[in-house]
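Listed here are the chains, written in short residue letters.
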Amino acid sequence: MASCSTFNLSPSSKPTKPLPHYLLKPLIHEPETETRTQIQTPYPKLIVTGPSKLSGRVPISGSKNSALPILAATLCCSGTSKIHNVPNLFDTRTMASVLASLGAKVEVFNNEMLVNTDGVDSVEPNSDEIRKIRGGFFVIGPLVARFGEAVVALPGGCNIGTRPVDLYIRGLQALGAVVELRDGKVQAYAANGRGLVGGSFQLDYASVGATETLMMAACMADGMTVLSNVAREPEVVDLARFLNDSGACVEGAGSNQLVIKGKPLLHGSECVIAADRIEAGTFMLAAAITRSCISISPVIPCQMSCLIHKLSAAGCKIRFQQFLDVGVKICKALRLRQAHILGFLQIFNRK
Ligand SMILES: CC(=O)N[C@H]1[C@@H](OP(=O)(O)OP(=O)(O)OC[C@H]2O[C@@H](n3ccc(=O)[nH]c3=O)[C@H](O)[C@@H]2O)O[C@H](CO)[C@@H](O)[C@@H]1O
Ligand SMILES: C=C(OP(=O)(O)O)C(=O)O
């Protein structure tokens, strides 16, 4: 296919060289030490002066972490994909720019995005856009699967610390990609000169982003793929649902193993992005620490069970007034141990 890549990506011209150490560094999950919690950044602070009381009803947006991989997955689809309830955020706007930089047609109407990737004529998204957010890197999976090659800058969005992408790369290699790093960009191409081939890959760590990227790639790889020790987060399930609605064959989403039968090309479909459990959880905590009573909607209670349990144990009263309504009221002081940001998010991210 036509490409704006400045590199000659023909397989025969590509001597394989080892990836740099920092991309392949082993996944070591350090304990929550002071070094993780004291990351200094030049970014502005939010200073909240209390005591304050919160009240009222808060609408919860569509999930950013579901929207980003689903937008990337439109690269697997012919025709138009219609995505509803996309939160209007810097990250989703950036992902739309990433797709547009590849030649996709992206139309935005309030919280609805229509994406048609039939006109994609590049495998190299705009690097400035990719470096703005972590999720931009997801496009490497569908690009190499559909077009046989991808040139994607290393992702940004990592003010919370270094977040390697070694699992994405090793997973793509397991599906028959040759991967190199040049000038801060990851270049991947199908070793057989055609497309990816199904294979088996076990993630060292159940990374959400790597699971999603490899799921998209496997949907268009030739044959069966088995991905083990994958992430089980609701956003992974949302992505699998979108891909299956678009003609893919993904089984096992929500468990720790995915079995995926590749198809040559998926077709556009329609989906509604689910409510953001991180946003909902943040408001629940805000109500708890200010001893306030608020109502948030919509929420998906089964995705919040961990946080609901913790807050209930701390004395919060949580009521489901209607199916998706939650009221939070703190009855006694709540003491939460400080945790680094991902640990904090994992209170409601992990099952
Ligand atoms: C866009 C998106 O969905 N972001 C979410 C995603 O972030 P993120 O993409 O960072 O989450 P992952 O589960 O993929 O990765 C978590 C950690 O695993 C390590 N890692 C991951 C991949 C890899 O190839 N190598 C590696 O070392 C990194 O230290 C990383 O910080 O999950 C987090 C934890 O559930 C959420 O808080 C983020 O909001
Ligand atoms: C860390 C987050 O997301 P990302 O991985 O997209 O940077 C977040 O949503 O807080």
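For the chain, the name recorded in an unreviewed UniProt entry is UDP-N-acetylglucosamine 1-carboxyvinyltransferase, with Prunus persica as its organism. The Catalytic activity (unreviewed entry) comment attached to the chain in UniProt states, word for word, "phosphoenolpyruvate + UDP-N-acetyl-alpha-D-glucosamine = UDP-N-acetyl-3-O-(1-carboxyvinyl)-alpha-D-glucosamine + phosphate". For the chain, the Subcellular location (unreviewed entry) comment in UniProt is given as "Cytoplasm".

Enquirer: How would you summarise the sheet that holds strand β4 (residues 105-109) if you had to cite specific residues and measurements?
Expert: One open sheet holds the four strands; their spatial order is β4-β5-β3-β14, and the pairing between them is mixed. The open sheet has two edge strands, β4 and β14 (270-272), and neither has a second partner. The sheet shows a mean angle of 15° between the axes of neighbouring strands, direction not considered. Where strand β3 (residues 80-84) and strand β5 (residues 112-116) come together, four bridges link them in antiparallel fashion. In the strand pairing of β5, Ser81 is matched with Val115.

Enquirer: Before we move on, could you go through the domain arrangement of the chain and cite the residues and values that matter?
Expert: Annotation of the chain at the domain level lists domain 1 (64-158 + 165-272) and domain 2 (275-349). On the domain 2 side, the residues contacting the six residues of domain 1 number six residues. Here domain 1 packs against domain 2, burying approximately 440 Å² in sum over the two surfaces, 35% of which is carbon and sulfur. By the criterion of area lost to domain 2, the three top residues of domain 1 are Glu233, Pro234 and Glu235, representing 58% of everything that side buries. Across the contact surface, domain 1 and domain 2 share one salt bridge. In this structure, Glu235 engages Arg277 in a salt bridge whose closest nitrogen and oxygen atoms are separated by 2.7 Å. Counting every contact that joins domain 1 to domain 2 gives two residue pairs in polar contact (both at pLDDT 80 or more). Elements with a contribution of two residues or more to the side of domain 1 that touches domain 2: α3 (64-73) and α9 (234-245). The residue inventory of the side of domain 1 that touches domain 2, partitioned by class, reads two nonpolar, one polar and three charged.

Enquirer: Now, about the pairing of β4: what can you tell me, with residues and values included?
Expert: Strand direction decides the pairing type here: β4 and β5, joined by five bridges, are antiparallel. Across the sheet, the residue bridging to Val108 is Met113, located in β5. Turn length for the β4-β5 hairpin, with the two strands adjacent in sequence and antiparallel, is two residues, and the turn residue Asn110 shows positive phi of about 50°.

Enquirer: Now, about α3: what can you tell me, with residues and values included?
Expert: Of all ten residues making up α3, eight are buried, and the element is well covered by its neighbours. Among the residues of α3, Ser66, Ala67, Leu68, Pro69, Ile70, Leu71, Ala72 and Ala73 are the ones counted as buried. For α3, the side-chain oxygen to backbone nitrogen distance between the N-cap and Asn65 is 3.2 Å, and the N-cap itself is Ser63.

Enquirer: Give a detailed account of the environment of Leu243, specifying residues and quantitative values.
Expert: Counting through the fold element by element, Leu243 comes out in helix α9. Along the sequence, Leu243 and Ser269 sit 26 residues apart, while their C-alpha atoms lie 8.6 Å from each other. Leu243 has contacts with Ala73, Met215, Met216, Cys219, Ala248 and Leu266, leaving out every residue within four places of it along the chain.

What counts, and where the lines are drawn
- Residues numbered from 1 in each chain as written.
- Chains lettered and ligands numbered in written order.
- Predicted model: local features only at pLDDT ≥ 70, side-chain atom pairs only at ≥ 80, totals over all residues.
- Heavy atoms only, no water.
- UniProt positions renumbered as here; feature names shortened; annotations may be inferred.
- Pairing = 2+ DSSP bridges.
- Helix = DSSP H or I, 4+ residues; strand = E, 2+ residues; numbered from the N terminus.
- Axes fitted to C-alpha atoms, helices over the stretch in contact; angles between N-to-C directions.
- Domains from an automatic or database assignment.
- Contact = heavy atoms within 4.5 Å.
- Buried area = accessible area lost by both parts, 1.4 Å probe.
- Salt bridge = Lys/Arg side-chain N within 4 Å of Asp/Glu carboxyl O.
- Polar contact = N/O pair within 3.5 Å; in protein donor to acceptor, adjacent residues only side chain to side chain.
- Nonpolar A, V, L, I, M, F, W, Y, C, P; charged D, E, K, R; others polar.
- Buried < 20%, exposed > 50% of the residue type's maximum accessible area, 1.4 Å probe, protein only.

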